[in-house]
Amino acid sequence: MNCRICGGDLEPRVTDLPFKIAEFSIVILKALPVLQCTQCGDTELEHATMQRVDQLLAGVDSQAELEVIRYAA
Ligand SMILES: [Zn+2]
């Protein structure tokens, strides 16, 4: 799998990423496994990870302006 932006190599990393779920709501997922491009630094999520993220975000109270969740596979 290569970077969709520059075609560079992707390497697995664990990082924290913010997700905007509503106009004033941001969720930060901690210790999220991602693929990061070694050339441009863009991050991509594997399909299975993205599905899990969707599940986690669906369970968040969107009234909260900021929520921090630890990702667990
Ligand atoms: Zn790239």
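Residues numbered from 1 in each chain as written. Predicted model: local features only at pLDDT ≥ 70, side-chain atom pairs only at ≥ 80, totals over all residues. Heavy atoms only, no water.

(A) Representation of the pattern of salt bridges within the structure. Across all of its chains, the model carries three salt bridges by this definition. The partner of Arg4 in a salt bridge is Asp42, and the shortest N-O contact between them spans 3.4 Å. A residue pair is termed long-range when its members are at least 10 positions apart, and Arg4 in the segment before strand 1 (10-22) and Asp42 in the loop between strand 2 (25-37) and strand 3 (43-44) qualify at 38 residues. For Arg4, a relative accessible area of 60% gives the class exposed. The exposure class of Asp42 is buried, given its relative accessible area of 18%. The closest approach of N and O atoms between Glu44 and Arg4, which form a salt bridge, is 3.3 Å. Here the residue Glu44 occupies a position in strand 3, and Arg4 occupies one in the segment before strand 1, the gap between them amounting to 40 residues. A single network of salt bridges, built from pairs that share partners, joins Arg4, Asp42 and Glu44. (Salt bridge = Lys/Arg side-chain N within 4 Å of Asp/Glu carboxyl O. Helix = DSSP H or I, 4+ residues; strand = E, 2+ residues; numbered from the N terminus. Buried < 20%, exposed > 50% of the residue type's maximum accessible area, 1.4 Å probe, protein only.)

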